[in-house]
Structure formats: structure tokens, C-alpha cells
Amino acid sequence: MQEPFSVALLGCGTVGAGVAQLLMQQVDRLGNRAGRALQLKHVLVRDPNKVRDVSIPHNIVTTDLNLILRDSSVDVVVELVGGTTWARDAVIQSLKAGKHVVTANKALLAQHGTEIFRQAHESNRIVAFEASVAGGIPIISALTQGLAANEIQSIQGILNGTSNYILTAMTEHGHDYQTALKEAQQLGFAESDPTLDVDGSDAAHKLAILARLAFRVDAASDQMFLSGIQELTPLDIRLAAELGYVFKLIAEARRINQRLSLQVSPTLVRRGTPLADIGGANNAVQIRGDAVGDVFLSGAGAGMMPTASAVVSDIIDLAVGRAQHTFDSMRMWDTDSTLSIA
Ligand code: NAP
Ligand code: HSE
């Protein structure tokens, strides 16, 4: 019998609590899939006395990152804290300490991905990030594995659950913007600074990650046309409905000859088409590949258990050894494209 695969969680908020719940309640299922037990060894939080959605044994709760870094039995550090300062340091230190890293933090990858992946290669460790884009939808493994034979022509989708929740609530239920945003926050969909959700930045971070994988370009948010949903009024939404359209925050990367156009913007989508039907916090991604044609993936784009599903799939891939193969063979974060960003 192999040694257990030991997991340290950084953060036990919406997503961290979901991951802890899966690891503690699905021991047999996950152990069978991973071929060895997945052991939750440490849970790092800011406030150890906070009442949480999941009951964590007191003896594994800590506020001390060094305790985790020094524990040689820890195989993977799962970063679910958010932000780009503390999280960056924690991820870099974890890799230097010889731990693999799983993260759901798209802002971190969009801002510090190059440094983080360089450190991962130097430390001969893996960074896995399935949960960073489109919540529970396995879009990262689709691009890096299932669609690896294709030259990707375009990616178009709804990549932010909070803004889609707000637009759906305003369109279908007549809620006002502030009420809908508050609901999305209460349901755990929104970022700690929800401006990132509604101004299009979060979708832009995710589009930058997808563009990196699909087109091997280094795309920063400031190279995209970026516009959010904050300025949309109930009148805009009503007029669109009268004409048979709905507004969706659409993120799009499109190859046009040697150029790649990238944009995130509220877009009129005709009712009855697949993207128009994506409601609430759901996300959808339509990918066009030269061999496969169009592929459409949809599902929960945010929230506790869907995001935990993606995080735990990364942990299983690491425990099995699959993630290491994909990481090495795909050189995931490399940019060797001759495309210019328009
Ligand atoms: P959250 O609910 O705000 O939880 C953050 C956790 O990090 C809390 O447990 C908090 O501790 C801990 N924390 C914050 N600052 C810390 C610090 N300086 N030191 C130690 N612990 C600290 O966040 P979340 O919604 O789970 O999101 C986590 C990450 O997943 C973010 O990068 C987010 O973008 C990403 N993500 C979220 C979703 C979603 O649906 N929520 C989906 C996909 C990806 P306390 O609990 O003690 O305060
Ligand atoms: N705040 C993000 C969203 C969480 O609403 O899509 C999932 O990445």
C-alpha cells in the first residue's frame, strides 16, 4: 500500500470548505480514484476561531505557513486564499519547499504566472489550476489534453459566474443590480472585491489563462478590449428583451491570420442560442479547433462544491502522477507563438 498523499489547504472559505468536505467525506471514493489515500494534513486560516461551513478537526488548523513548509510529509499545498500578495509569497515558498501547488486563483496566475511557473520548473514541481477558469467545468484539461491535437481558432464564453448571475436576475426576475450583486456575494460566487467580477477583470484574467494555453501568448488584461456590466441599465436590458436578445458578459479570443483579438464585453446574444440559455452563476465555453470543429462545455462556473470538484480533480491527478506528465509534455506556461495581439 502506497503512503497517503498529504494535502495542506491554505484558506477554508467558500472553496476551501468545499475541498475539505470532499476530502473528509469521500475518503473511499477519492482514495480509489487516486490509488492511494488523500490525507488532509493541515488547514491554514486567518481566524482559527471562526465558525465554518465544515467542521475541521482542531489539531489540523493552523495560522502558521512555516509549519506546513517544514512538514516534509506534505505533498501538495492548495492555495485557496485569493489575492495576489500573500498568495504569491505562499505559492513561491511552497514550491521552493518542494511541494506541488494547486490553485484556483486566476488573478494570481494572470499577474504572477510567469514567475510561479519558472519557480515550479526550477523546483521540479507542478502547478495545477483547473479551478482557476470556469469553476467546475474541466476546461483546462480539455485544452491541454482532450483537444491537444487541434490548432485552436477561437474561444468564446461566459467566464464569470457573478456577472452572469446579476444579468440573469435582472433579465429574468426583474431584480435591481445591487440586490442581485448582494445575492451573488451571499451565495459565495463573488470575489472578495466584487469590482473584479462586474468590471470584467476576473473574466479577463481567465481569458488570459485560456489564451496562454490555447494560443501560447502572454496576454495581459491591458492588451484586451475590456468592459464590464456596471453601466448596463434596466432599460438596456428591457429594450434588448423586446428585440429578442439578452446581454451576456462574453469573453472572446479569436485568431485572425497572424493576429489574436481578445476582448471581454457585455454583448447582445440572441435568445434561443446556447450562450443565451446559460443562466445564474453558470459558465459556458465554446472552443473551435481545426480538427474537432466546435465544442461546447457548460456548467457551474462558481460556488463551493463545483469549484471544489475541480480542485480535487487536480489533487487526484497529482497523486496518480498524471499531472506531472501533462505539465512536462505540454510546457504549459510557455509562450512560443508568432501571433500578435490585436
Ligand atoms: P474566501 O471565501 O474569501 O476564503 C478565503 C480564505 O482564505 C478564508 O478561509 C480566509 O481565512 C483565508 N485567508 C485570507 N487571507 C488570509 C491570510 N492572509 N492568511 C491566512 N488565511 C487567509 O474565498 P473563496 O471564495 O473561497 O476563493 C478562494 C480563491 O478561489 C480565490 O482565488 C478565488 O478567486 C478562487 N475561486 C473562487 C470561486 C468561488 O466560487 N468562490 C470559484 C473559483 C475560484 P478566514 O476564513 O479565517 O478569514
Ligand atoms: N468570482 C468568480 C465568478 C468565481 O463569479 O466567476 C469563479 O471564478
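None of the values given here were measured: they were computed from a predicted structure.

## Let's talk about the overall build of the protein
Phase 1 of the analysis: A tally of regular secondary structure across the protein gives 13 helices and 13 strands.
Phase 2 of the analysis: Taken along the three principal axes of its C-alpha coordinates, the protein extends 60 × 45 × 35 Å.
Phase 3 of the analysis: Among the 342 residues that make up the protein, the fraction classed as buried is 52%.
Phase 4 of the analysis: For the protein, contacts bridging at least 24 residues in sequence account for 72% of all contacts bridging at least 6.
Phase 5 of the analysis: For the protein, the exposed surface amounts to about 15,100 Å²; the carbon and sulfur share of it is 47%.

## Some words on the sheet that holds strand 1 (residues 5-10)
Phase 1 of the analysis: The strand order 3-2-1-4-5-6 describes an open sheet built from six strands, whose pairing is parallel. At either margin of the open sheet sits one strand with a lone partner, and together these are strand 3 (61-62) and strand 6 (127-128).
Phase 2 of the analysis: Pairing between strand 1 and strand 4 (residues 76-79): four bridges, direction parallel. By the bridge assignment, Val7 is partnered in strand 4 with Val76.

## Looking at the site of ligand 2
Phase 1 of the analysis: As a matter of local geometry, ligand 2 sits amid Lys106, Asn160, Gly161, Thr162, Phe189, Ala190, Glu191, Asp197, Asp202, Lys206, Gly301 and Ala302.
Phase 2 of the analysis: In the model, a nitrogen atom of ligand 2 is placed 2.7 Å from a nitrogen or oxygen of the Phe189 main chain.
Phase 3 of the analysis: A distance of 2.8 Å separates an oxygen atom of ligand 2 from a polar atom in the side chain of Lys206.
Phase 4 of the analysis: Put simply, the parts of the chain that give the shell around ligand 2 at least two residues each are helix 7 (161-173) and helix 10 (201-215).

What counts and what doesn't
Each chain has its residues counted from 1, running along the sequence as written. Lettering of chains starts at A and numbering of ligands starts at 1, both following the order in which they are written. Only residues with pLDDT of 70 or above have their local features reported here, since the model is predicted, and side-chain atom pairs are shown and tallied only from 80 upward, although totals for entire chains, interfaces and linings are computed over all residues. The basis for every side-chain value is the complete set of heavy atoms in the structure, and neither hydrogens nor water enter the calculation. A run of H or I in DSSP becomes a helix once it reaches four residues, and a run of E becomes a strand once it reaches two; helices and strands are each numbered from the N terminus. Buried means the residue's accessible area, taken with a 1.4 Å probe over protein chains only, is under 20% of the maximum for its type, while exposed means over 50%, and partly exposed covers the values in between. We call two residues in contact whenever any of their non-hydrogen atoms come within 4.5 Å of each other. All accessibility values rest on the Shrake-Rupley procedure with a 1.4 Å probe; residue burial counts only the protein chains present in the view. Each pair of strands is called paired provided DSSP finds at least two bridges between the two strands. For each residue, the test is whether any non-hydrogen atom lies within 4 Å of the molecule or strand; if one does, the residue is near. As used in this structure description, the phrase polar contact means that two N or O atoms lie within 3.5 Å; if the pair is within protein, one of them must be able to donate a hydrogen and the other to accept it, and residues adjacent in sequence are counted only when both atoms belong to side chains.

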